[in-house]
Amino acid sequence: MVVVKIAFILSVGLVGILAHKHQSKELDAKYNWWQHEVFYQIYPRSFQDSNGDGIGDLQGITSRLQYFKDTGITSVWLSPIYESPMVDFGYDISNYTNIQPEYGTLEDFDALIAKANELGVKVILDFVPNHSSNKHPWFIKSVAREPGYEDFYVWEDGILLENGTRVPPNNWLSVFSGSAWMWNDERQQYYLRQFTYGQPDLNYRNPAVIKAMDDVMLFWLNKGIAGFRIDAIIYIYEDAQLRDEPPSGTTDDPNNEAYLSHIYTRNQPEDYGLLQHWRQLLDNYTANHDGPLRIMMTEGYASVSQLMEYYEDSNGVQGPQFPFNFDFITELNANSTAADFVFYISRWLIYMPHGHVANWVMGNHDNPRVASRFGEKSVDAMNMLLMTLPGIGITYNGEELGMTDYRDISWSDTVDQPACEAGIDNYKTISRDPERTPMQWSSDVNAGFSSADRTWLPVNPNYKELNLRNQQQARRSHYKIYQSLLKLRQLPVLKNGSFVPEVVNRRVFAFKRELKNEHTLLTIVNVSNRTELVDIADFIEQPNRLSVLVAGVDSQHRVGDRLKAETIELAPNEGLVIQLNKRK
Ligand code: GLC
């Protein structure tokens, strides 16, 4: 067996240890609280409906806050709750400082925060700076060229061809297909929209826009939130010279965003500066107010080196606390080998600049669910990875139950705008509705999500068996495993321990978490769909006694079982968390 030993003495661990020497517990709670958090993403429209209209709302979330406390979740992030025409279900905001009426009111939000505080749950809000809704008063004023708003958005004349036809100024494409430029008849100009027609890009070269967005941030900070998840950050700035993007050579479809190599519309150097500005705003806010460090996490699908620049630039200027790491979504899947897993996990840790914290996003509202990406049998193993890897874990609502995509949503029930635009023959491949169906609380009507006759998206029919209540009552369940993993995360070895990975064979990998004076923990995963018998004696350095700390729902192993390092049997897609007890 080839033993690959890459020991990552985690910078966060070191910082943590040093911090303990010099700082009080209170300071640690104030500044470092987020470094080992699990952030749970709530998709408000699908979480809990309190008034029977078939749509989730704030009072619904408040009524479920106890669930987080019971589960061991202490931080949640909410997809947008602001006023919106809902073309992109809240990612098209028409008023940044008010609540979407079908979700509730600002008073409901205050009540949510009050209850969350009482239960010790921190709330992070989604912040969508790249674009507003086309129904936002700023856009309406900009269309009318009202003084002060002329340049709030990215407007261009386009090119007038000899035959009198007007065409967009360049070849840029929308993420959701077709030209990124939409003609506006009233203003007689094109506006840039990188997403749907209803999401015009704000112009961050206009200082008034930056000021307006700073004010939005302060408004919500004053309401008591712990920070922001920043949406679509890589799209904020575009090339000022509007240069055409070169073809990527990956598809022949000129309307598909993959047709071009996005060197002028994504990850522009100015993006970093804006994030650094927001970081300062948040740090200043923390310095001048009680409460925890207000943090920022960013959403952007980009190369690993680009993402590392978000943590801090080459001069050491700090950006967000962490850019989302989407490798479990974009790089790994049911066909990945054990080496692929070790490679991508290690890659993030190797690239990450010193003193920063890793994070692992297992799922979100834009991508198929874990059970649908890796297979239903992999749910527990993936949660074991999420919880035992160094740093921060991010869970999308329902993943603690192993909810699956509802892939059979009919065309007439389809509401995701890009899917609607793709048409009846193509909607299924791109629709994000399947991963957004309502939360499955129980086997009651509509899975306990709503009392309405019709919910905004159909409930996945598998809710009768697959639901929280069943899993709370079962002796073993995905939920109970998730809960026990959250408890396990309190161990110092998972907070501060080093990380040593090992590719056992093509199908099995493992990693150790080690910390002086603590038991070493080992997570081992079989990523294949066949049973594996492995010998990891070399890797764990005998003599050790192995005992199972966490096993999956279908496992032949039980918590507390003793294992022999030479003969560990793993069922298809099985994961185990094992404690190594040193023999005296
Ligand atoms: C982000 C959101 C996605 C949305 C897009 C445009 O990627 O996660 O749901 O459609 O931004 O705001």
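Analysis parameters
Residues numbered from 1 in each chain as written. Predicted model: local features only at pLDDT ≥ 70, side-chain atom pairs only at ≥ 80, totals over all residues. Heavy atoms only, no water. Helix = DSSP H or I, 4+ residues; strand = E, 2+ residues; numbered from the N terminus. Rg over C-alpha atoms; globule rule 2.2 N^0.38 Å. Buried < 20%, exposed > 50% of the residue type's maximum accessible area, 1.4 Å probe, protein only. Contact = heavy atoms within 4.5 Å. Areas by Shrake-Rupley, 256 points an atom, 1.4 Å probe, with all protein chains shown as cover. Lys, Arg positive; Asp, Glu negative; His and termini not counted. Charge placed at Lys NZ, Arg CZ, Asp CG, Glu CD. Near = heavy atom within 4 Å. Polar contact = N/O pair within 3.5 Å; in protein donor to acceptor, adjacent residues only side chain to side chain. 1 Å grid on protein atoms, 1.4 Å probe; cavity = no way out; pocket = protein on both sides within 12 Å on 5 of 7 lines; lining within 4 Å. Sits in = over half its atoms within 2 Å of the grid points. Nonpolar A, V, L, I, M, F, W, Y, C, P; charged D, E, K, R; others polar. UniProt positions renumbered as here; feature names shortened; annotations may be inferred.

Novice: Would you explain the overall build of the protein chain in this entry?
Specialist: For the protein chain, the count of helices and strands is 19 helices and 23 strands. Computed over the C-alpha atoms, the radius of gyration of the protein chain is 24 Å, within 12% of the 25 Å expected from 2.2 N^0.38 for a compact globule of 584 residues. Taking all 584 residues of the protein chain together, the buried fraction comes to 59%. Considering only intrachain contacts with a sequence separation of at least 6, the fraction spanning at least 24 residues in the protein chain is 69%. Counting every atom, the protein chain has about 23200 Å² of accessible surface; 49% of that belongs to carbon and sulfur. Side chains of the protein chain carry 53 positive and 74 negative charges; the gap between the two charge centres is 10 Å.

Novice: Mind showing me how you'd approach the site of the ligand here?
Specialist: Within the structure, the ligand sits among 14 residues, and Asp88, His131, Asp231, Glu299 and Asp366 are positioned closest to it. Between the ligand and the protein, one listed contact pairs an oxygen atom with a side-chain N or O atom of Asp88 at 2.5 Å. At a separation of 2.9 Å, an oxygen atom of the ligand approaches a polar side-chain atom of His131. In isolation the ligand offers 310 Å² of accessible surface; the protein chains occlude 95% of this area. Put simply, the ligand lies in the largest pocket. Looking at the shell around the ligand residue by residue, the class counts come to four nonpolar, three polar and seven charged.

Novice: Which parts of the structure should I look at to understand the UniProt feature "domain: Glycosyl hydrolase family 13 catalytic" (unreviewed entry) in the protein chain?
Specialist: The feature "domain: Glycosyl hydrolase family 13 catalytic" (unreviewed entry), as annotated in UniProt, sits at residues 41-436 in this numbering. For residues 41-436, the end-to-end C-alpha separation is 12 Å, with 30% helix and 13% strand making up the annotated structure.

Novice: In this structure, what is going on with the side chain of Ser450? I would like to understand it.
Specialist: Its place among the elements puts Ser450 in the loop between α15 (427-430) and α16 (468-473). Among the polar contacts made by the side chain of Ser450, one reaches the side chain of Asp49 at a distance of 2.7 Å. Every residue in contact with Ser450, bar those within four places of it in the chain, is listed here: Asp49, Gly52, Gly54, Val445 and Thr455.

Novice: Before we go on, may I ask you to explain the side chain of Ser477 in this structure?
Specialist: Residue position: Ser477 is located in the loop between α16 and α17 (478-488). Note on Ser477: relative accessible area 3%, which makes it buried. A distance of 3.1 Å separates a polar side-chain atom of Ser477 from the backbone nitrogen of Lys480. Filtering out sequence-adjacent residues up to four positions away, Ser477 remains in contact with Gln471 and Val553.

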